[in-house]
Protein chains: 2
Amino acid sequence: MIADPHPSGLTLKAAGRDNAAMPSTAPTPLHTLLTHGPLLLQAPMAGSQGSALALAVCQAGGIGALPAAMLAPEALTQELTRLSQGTNRPWNVNFFCHTPPEPDAAREARWRETLAPFYAEAGLDIDAVPAGAGRVPFSHTVADLVEPFRPPIVSFHFGLPAPDLLARVKGWGSVVLSSATTVEEALWLEAHGVDAVIAQGIEAGGHRGMFRTDDLTTQVGTFALLPQIVAAVNVPVIAAGGIADAAGVRAALALGAAGVQVGTAYLCSDEALTSPIHRAALQSEAARHTQLTTLFSGRPARGIVNRLMRELGPLNPAAPAFPTATAAIAPLRAHGEKQGSGDFSPLWSGQNARGCRSAPAADITRELLQGFPAVARHVVIFRATARALDAEYSATAAQLRELALTRFGCLDFVAVTEGDQEVALSYWPDEASIRAWKQHADHLMAQQLGRERWYAGYSVEVAAITRHYHRPAPAQA
Amino acid sequence: MIADPHPSGLTLKAAGRDNAAMPSTAPTPLHTLLTHGPLLLQAPMAGSQGSALALAVCQAGGIGALPAAMLAPEALTQELTRLSQGTNRPWNVNFFCHTPPEPDAAREARWRETLAPFYAEAGLDIDAVPAGAGRVPFSHTVADLVEPFRPPIVSFHFGLPAPDLLARVKGWGSVVLSSATTVEEALWLEAHGVDAVIAQGIEAGGHRGMFRTDDLTTQVGTFALLPQIVAAVNVPVIAAGGIADAAGVRAALALGAAGVQVGTAYLCSDEALTSPIHRAALQSEAARHTQLTTLFSGRPARGIVNRLMRELGPLNPAAPAFPTATAAIAPLRAHGEKQGSGDFSPLWSGQNARGCRSAPAADITRELLQGFPAVARHVVIFRATARALDAEYSATAAQLRELALTRFGCLDFVAVTEGDQEVALSYWPDEASIRAWKQHADHLMAQQLGRERWYAGYSVEVAAITRHYHRPAPAQA
């Protein structure tokens, strides 16, 4: 059976938007994105990965992401160059769009006072630490660097940039995504023009994307958040939080997600830059206990519980506003890691670190892709005029069909005969499967018999399916 | 295609347990339970429902539950009588198994001091309130009442009763369930003999089942908890928390659940005893914001945020140990509700109240059952010796097969012929579908032709499928 290439009704939703906004003949960037197959997004993870992970994910059929929030201009340009030259598949570059806080000397002093005992223990001089921003928000200056690359996707965390800046990103053709942690945030993002919403459940690792509230009690699990956002908005919804394997992908799609975003499962991949200390924690029982903490940046982010979180309390009010908390933590972290300790390191992790494997990111990607329904993306159209169809013909036809379906990944095989006209359609996930099947000895033999005996003539077309409609819509599975 | 009646490999897991413990010919209570179809459990909700809801759920094909923790002995006997006489399907009776706290006059005084301003505002006399326990744990005295009814399922919250008491429950043949909120609790429950674990994600409404920790930061979302527990234990796992509709059921099964437990979606059903104030809150936007609170009982439970939670803080340390907090809240609650206010009422709700409908519980149950794969529970075995199979035979056979599959709910139809021997197997979800199909005019006509013309003889058996194995196991869907 041919699975719907847009299992969550994406085509219809997107078409609905088109009808309102522009002639339906003009495909949007989102439409174009959706022709590239399953929406499996690797979550951008600043500090733990760069273009190498993103490229490995793309090459295996996912959508890799470059976390740009902590990259200096030269590094950003270099990474964007690598990505744009390294893959023809869609990729994503992620920016933060927080408003940097006013300097607050009193709060900074209180923070340093809170950390002083740890500095003393480590023999470090707290007065030598410069107060620093750490992370800069997306800006026109950054956009100047990005524009020449016209990234297929630009995603934002902590809301969206100002309207003129957002218009610029959409103007150069990027699909725009942002994270919602509540139904209200999802509605706000839709009203402000995102192409799709990332529903970030409480299970997710790293920074909460929350931007319309700072009340942590509003943050809910993926099982509750995802279906509520799907019901509330008309744009596609991408599920994030707790998805670690193909079963998780299937569950998210069952709840109405158009795609998924997976982070933690990639943290121990070969291409990630995750530190050995962080990797060890992710693969230990310690990963069963994560907490939201503001200690490492000033905003709540989920990480494995460590000494700093235990001793200060993960939400200690002394931590100054995002992103200024980071500066005074950095020397403690560096010192601790030199001793082989993660006591002062942000050990970002979602609540489900079970997917963390030391493996090539391509393997992890392919495993996750198993969670999407098999999608027919190519069709082989065989049309023939019969000459003499004998008993051997029937047996051979049945056998070839069986072979295609059971051994070569064919997704469906339909043959219709009327008078001397025959049409056979076979559906395939990729061209490699078609080629493999065509080279099988039985297939070559049948071809020869067809030419010599059965057919007066025939034609074969291989075609890539670009759109697909159902009436009625298929049931979600 | 015939769906596996035990989509999560339940049969194999249960058989594994058998092999270790007893001859595999003796079906366990769990085995027997599993022949009754999908494990759709209605969550016991003390104070919001009794046997009427449980019976309605059972009659529609789910597994209803009686919350017994707040029932006096006479009421418990009455409710158990109603349940056992009202249905032949499995049902569940739920008990708490906390250890009642020592009386603590100082803490009670502090609690009353905290509540005094609310009493003053309401014109109520706090000194007239008796300190009371409110909820009693399961005991041999309670077991004496329950034993004559031999409930098909007994479920516990807050762990398990003492070993001798648990042995007594298992001894009279009940399937025993209990809730786990962490992997560690699930392992503990398995080691102590539960037949299946209920994995209670953070989304769930009402009391957290937590019993091996009181650290709320250990509590995680269903997307993270469920697959981790499924991987950790060898007993079936029932998912709870955030499941509100058939899509939620499909998602839970995709994550490896053997069944689901659904509470909040039943709170507005016709048969629930939920107050009008509580119903109104569940169906309003207020239900988007729930919190874990200890104010109403002393243990963390999830409810919609109301005045008491806002003004005291939902986890105010003044609330005394479970279940003693309840006594001093009760008069405020009663007074408030008389004024039409839920300011002092526990408005229990999960994080996903989207499923709350004012509808018969049977409708809600049938909607949820759609989330389980269609299961072949009956097979019709037709065996015949052919006499004269003509062209009309082939056409009729094909047409009847088509009719069964497309119009009468037949799940699979397989016919095999060798020489003059024919065997046809058709698979059906229920006997009613079989009867309807057999009474169709085309079927009756074929029967007549079969007797008169095609067959020397034939036999038909209708059989109920009680077990079903796959090799290899089917992919989880």
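Residues numbered from 1 in each chain as written. Chains lettered and ligands numbered in written order. Predicted model: local features only at pLDDT ≥ 70, side-chain atom pairs only at ≥ 80, totals over all residues. Heavy atoms only, no water.

Going by an unreviewed UniProt entry, chain A carries the name Propionate 3-nitronate monooxygenase and comes from Hydrogenophaga electricum. Under the UniProt heading Cofactor (unreviewed entry), the note attached to chain A is "FMN". Its UniProt record gives chain A a comment under Catalytic activity (unreviewed entry), which states: "3 propionate 3-nitronate + 3 O2 + H2O = 3 3-oxopropanoate + 2 nitrate + nitrite + H2O2 + 3 H(+)". (UniProt positions renumbered as here; feature names shortened; annotations may be inferred.)

Helix and strand content of chain A: 17 helices and 15 strands. Along the three orthogonal principal directions, the C-alpha set of chain A runs to about 95 × 50 × 40 Å. Counting all 477 residues of chain A, 54% fall into the buried class. Across chain A, every contact between residues at least 6 apart in sequence was considered, and the portion connecting residues at least 24 apart equals 70%. Charge centroids of chain A, computed over 36 positive and 42 negative side chains, lie 2 Å from each other. (Helix = DSSP H or I, 4+ residues; strand = E, 2+ residues; numbered from the N terminus. Buried < 20%, exposed > 50% of the residue type's maximum accessible area, 1.4 Å probe, protein only. Contact = heavy atoms within 4.5 Å. Lys, Arg positive; Asp, Glu negative; His and termini not counted. Charge placed at Lys NZ, Arg CZ, Asp CG, Glu CD.)

Attention shifts here to helix α4 (residues 73-86) of chain B. Residues and elements named next belong to chain B. Between its terminal C-alpha atoms α4 stretches 20 Å, which fits the 20 Å expected from 14 residues at 1.5 Å a residue. For α4, every residue scored as buried is listed here: L76, E79, L80 and L83. Axial view of α4: buried residues confined to an arc of 100°, hence all on one face. Among the exposed residues of α4, those pointing more than 90 degrees away from its buried face are E74 and Q85. Considering only its buried residues, α4 is in contact with α3 (51-59), β2 (65-67), β3 (92-96) and α6 (140-146). (Expected span 1.5 Å × (residues − 1). Arc of directions from axis to C-beta.)

This part takes up the pattern of salt bridges. All names here are of chain A. Under the counting rule described, the total for this entry stands at 26 salt bridges over all chains. Residue R82 pairs with E79 through a salt bridge whose shortest N-O separation is 2.8 Å. Here E79 and R82 lie together in helix α4 (residues 73-86), a separation of 3 residues that amounts to about one turn. Here E285 ties to R288 by a salt bridge, and the two come within 3.6 Å at their closest N and O atoms. The exposed category is assigned to E285, whose relative accessible area is 59%. Residue R288 is classed as partly exposed on the basis of its relative accessible area of 36%. A network of salt bridges, in which partner residues are shared, links E121, R307 and E311. (Salt bridge = Lys/Arg side-chain N within 4 Å of Asp/Glu carboxyl O.)

Moving on: the relation of the copies chain B and chain A. Here chain B sits on chain A after a turn of 180° about the axis and a move of 0.0 Å along it, with an RMSD of 0.4 Å. Classification of the inter-copy transformation places it as that of a two-fold axis. Within chain B, A251 of chain B has its C-alpha nearest the rotation axis, a separation of 1.9 Å. In this assembly the copies share their binding face: 97% of the residues contributing to the interface of chain B also contribute to that of chain A. (Least-squares fit on C-alpha atoms with pLDDT ≥ 70 in both.)

Turning next to the interface of chain B and chain A. Counting residues at the interface gives 35 residues for chain B and 34 residues for chain A. In total, about 2700 Å² of surface goes out of reach between chain B and chain A, with carbon and sulfur atoms giving 61% of it. The largest per-residue losses of area from chain B upon contact with chain A belong to F223, R288 and Q351 of chain B, which jointly make up 24% of the total buried on that side. Linking chain B to chain A there are 0 salt bridges. Linking chain B with chain A are 10 residue pairs in polar contact (both at pLDDT 80 or more), by the criterion used here. Every element with two or more residues in the side of chain B that touches chain A is listed here: α8 (183-191), α9 (222-232), α10 (246-254) and β10 (290-293) of chain B. Among the residues making up the side of chain B that touches chain A, the classes are represented as 14 nonpolar, 15 polar and 6 charged. (Buried area = accessible area lost by both parts, 1.4 Å probe. Polar contact = N/O pair within 3.5 Å; in protein donor to acceptor, adjacent residues only side chain to side chain. Nonpolar A, V, L, I, M, F, W, Y, C, P; charged D, E, K, R; others polar.)

Taken domain by domain, chain A comprises domain 1 (10-98 + 135-283 + 356-369) and domain 2 (378-464). Averaged C-alpha coordinates put domain 1 of chain A and domain 2 of chain A at centres separated by 41 Å. (Domains from an automatic or database assignment.)

Read from one edge to the other, the open sheet built from 3 strands follows the order β7-β11-β10 (chain A), with strand pairing classed as antiparallel. Lying at the two open borders of the sheet, with one neighbouring strand each, are β7 (206-207) and β10 (290-293) of chain A. (Pairing = 2+ DSSP bridges.)

Moving on, we get to the packing of aromatic side chains. Residue and element names in this part refer to chain A. Taken as a whole, this structure holds 31 aromatic pairs over all chains when the rule is applied. Members of the aromatic cluster, connected to one another through ring pairs, are F382, Y393, W454, Y455 and Y458. Here the guanidinium or amino end of R299 rests over the ring plane of F322, the centre of that ring lying 5.3 Å away. (Phe/Tyr/Trp six-rings, centres within 6.5 Å; stacked < 30°, edge-to-face > 60°. Lys NZ or Arg CZ within 6 Å of the ring centre and 35° of its normal.)

Attention now moves to the side chain of D195 of chain B. One can find D195 of chain B in the loop between α8 and β6 (196-200). Within the local environment of D195 of chain B, its side chain forms a polar contact with the backbone nitrogen of V176 of chain B, the two atoms lying 2.8 Å apart.

Okay, the packing of helix α3 (residues 51-59) of chain A against helix α14 (residues 361-369) of chain A next. Residue and element names in this part refer to chain A. The interhelical angle for the contact between α3 and α14, taken along N-to-C directions, is 45°, at an axis separation of 8 Å. Between α3 and α14, the crossing angle belongs to the class labelled oblique. You can see that α3 and α14 cross each other, and the crossing is right-handed. Residues L53, A56 and V57 of α3 form the contact with α14, whose participating residues are A361, A362 and T365. Here the residues of the contact of α3 with α14 sort into 5 nonpolar, 1 polar and no charged. (Axes fitted to C-alpha atoms, helices over the stretch in contact; angles between N-to-C directions. Parallel < 35°, antiparallel > 145°, perpendicular 65-115°, else oblique. Left-handed = near helix turned anticlockwise from the far one by under 90°.)

Residues and elements named next belong to chain A. Burial of strand β3 (residues 92-96) is extensive: 5 of the 5 residues sit out of reach of the surface. As paired elements, strand β2 (residues 65-67) and β3 share 3 bridges and run parallel to each other. When the bridges of β3 are listed, A65 appears paired with N92. Read as a crossover between parallel neighbours, the route from β2 over α4 to β3 is right-handed. In this structure, β3 lies alongside strand β4 (residues 153-157), joined through 5 bridges in parallel fashion. Bridging across to β4, F95 finds its partner in F156. (Right-handed = clockwise from strand over helix to strand, strands pointing away.)

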